[in-house]
Amino acid sequence: MGRAMASNLQNYLHAQGQPPLRFWNRTACKGETVTSLGGIQCDSVADVVRASTIIFVSTSNDEALQIIVAQIISAGNLTDKIIVDTTTVHPDTSKTVSAKLARENAFLVSGPIFGSAPMATERKILMVAAGARCTIHKISPYIKGVIARDILEVAEEPEKASLLKIIGNFLVSGLTEIIGEAHVFAEKSDMGCEIVEKLLEAQFGPLPTMISKRLTQGIYMPAKGTSPWSHLDLALKDVDHAIECAAVAGTRLPVGEVVLDNLQRAKVFSQERDRQLDSAASYGIIRCDAGLDFENDFVKNRDA
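Computed from a predicted model, the values in this text were never measured in an experiment.

Undergrad: Give me a nonpolar patch on the surface: which residues, what numbers.
TA: A cluster of nonpolar side chains, namely Leu152, Val154, Leu163, Leu164, Ile167 and Leu171, defines an oily patch on the protein surface of about 450 Å² accessible area. Broken down by element, the nonpolar patch gets its largest block of residues, four residues, from helix H8 (residues 158-188). You can see isoleucine 167 is positioned in helix H8. Residue classification places isoleucine 167 among the partly exposed positions, given a relative accessible area of 42%.

Written out as structure tokens, the structure reads:
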């Protein structure tokens with residue numbers, strides 16, 4: 001997703017006659033797409049920071065974000081610089097990172113993203129942003145219609161955007177569980193999945209339909225050697241964060257607990273098969289619990 005966002009941002013900068021995007025990626029070869037568009041690949045995070053006033057961060061988890069922020073701070077001279085974190089992390093992580101940057105006179109905008117890598121390529125993702133209003137105003141021209149379809153301003157406290165993203169991901173995980181159960185119910189009842197998917201599209205709208213296609217079209221179990229839209233490990237992290245945040249707030253997420261158990265079992269399956277799985281892989285576990293194979297017919301035919 002980060003590569004898609006960087007590519008779209010570089011295209012925008014070029015079209016506007018602005019200086020090219022400077023970027024750093026842990027795996028240098030993954031930056032070739034952006035350099036082919038005119039972006040400049042830097043040797044370190046510090047090099048990006050020294051050349052920029054707005055710095056976007058797109059990484060995998062809380063620990064990775066903390067490491068990158070430490071590198072940003074070590075670059076020095078951060079006064080009035082804006083760091084936009086697009087990662088889904090625990091609200092406490094956003095709060096801690098924001099405080100560290102504030103001590104360096106820099107600003108954090110927590111801007112986690114709703115959507116998948118293919119959606120990022122098409123600029124169909126949504127950013128939810130929290131931070132000082134003046135900073136959100138400054139980054140908005142580089143968000144709406146550039147890397148995302150829109151930007152939803154949440155609050156001035158950066159941790160609020162992280163919390164909203166976790167709640168949103170819980171909704172998606174819960175829908176995936178319900179839709180997966182519905183498909184298995186239909187399959188076991190000789191109804192078939194095709195008509196269920198048509199019902200979702202006709203009655204319930206685009207999001208449930210997209211989730212359904214993620215299951216029926218085998219995206220939950222990508223072909224061997226191909227990367228998932230969103231890795232299973234990210235779903236495990238996000239659902240675990242949601243359950244923990246709910247507990248702190250004084251409530252429970254029973255559906256989330258079911259989803260987490262299914263995702264943990266899918267992780268075991270992934271390790272046993274040496275196979276990368278998507279964040280929707282709980283569908284395979286739902287199938288197994290009903291006496292079906294983890295792989296649906298689409299996956300079997302594709303992999304054959």
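Undergrad: Before we move on, could you go through unusual backbone geometry and cite the residues and values that matter?
TA: Of note, the phi angle at aspartate 190 is positive, near 60 degrees, even though the residue is not glycine. Position of aspartate 190 relative to the elements: it lies in the loop between H8 and helix H9 (193-204). Residue aspartate 190 is classed as exposed on the basis of its relative accessible area of 74%. One non-glycine residue with positive phi stands out, namely aspartate 274, at about 50 degrees.

Undergrad: Could you give an account of the pattern of salt bridges, naming the residues involved and the relevant values?
TA: Evaluated as defined, the whole model comprises 18 salt bridges. Lysine 213 is paired through a salt bridge with glutamate 197; the nearest N and O atoms lie 3.5 Å apart. With lysine 213 in helix H10 (residues 206-216) and glutamate 197 in helix H9, the pair connects residues that are 16 residues apart, well separated along the chain. Judged by relative accessible area, which is 31%, lysine 213 ranks as partly exposed. Two residues, aspartate 289 and arginine 265, come together in a salt bridge whose shortest N-O distance is 2.5 Å. Remark: arginine 265 occurs in helix H12 (residues 254-273) and aspartate 289 occurs in helix H13 (residues 282-289); sequence separation between them is 24 residues. What emerges from the salt-bridge pattern is a single network uniting Arg133, Glu153 and Glu156.

Undergrad: So what's going on with the side chain of arginine 287? Which residues, and what values?
TA: Here arginine 287 is to be found in helix H13. Residue classification places arginine 287 among the buried residues on the basis of a relative accessible area of 2%. Only 3.5 Å separates the side chain of arginine 287 from the backbone oxygen of glutamate 295, close enough to count as a polar contact. Ignoring any residue separated from it by four or fewer positions in sequence, one finds arginine 287 in contact with Val184, Glu187, Tyr220, Leu292, Asp293, Phe294, Glu295 and Asn296.

Undergrad: Outline the pairing of strand E5 (residues 107-110), listing residues and values.
TA: Successive residues of a regular strand alternate their side chains across the two faces of the sheet. Strand direction decides the pairing type here: strand E4 (residues 82-85) and E5, joined by four bridges, are parallel. Looking at the pairing, aspartate 85 lines up with serine 110 of E5. In this fold, E4 hands off to helix H5 (residues 91-102), which returns the chain to E5; that crossover is right-handed.

The rules behind these values
- Residues numbered from 1 in each chain as written.
- Predicted model: local features only at pLDDT ≥ 70, side-chain atom pairs only at ≥ 80, totals over all residues.
- Heavy atoms only, no water.
- Patch = residues over 30% accessible without salt bridge, like charges linked within 9 Å, V, L, I, M, F, W, Y side chains within 5 Å.
- Areas by Shrake-Rupley, 256 points an atom, 1.4 Å probe, with all protein chains shown as cover.
- Salt bridge = Lys/Arg side-chain N within 4 Å of Asp/Glu carboxyl O.
- Helix = DSSP H or I, 4+ residues; strand = E, 2+ residues; numbered from the N terminus.
- Buried < 20%, exposed > 50% of the residue type's maximum accessible area, 1.4 Å probe, protein only.
- Polar contact = N/O pair within 3.5 Å; in protein donor to acceptor, adjacent residues only side chain to side chain.
- Contact = heavy atoms within 4.5 Å.
- Pairing = 2+ DSSP bridges.
- Right-handed = clockwise from strand over helix to strand, strands pointing away.

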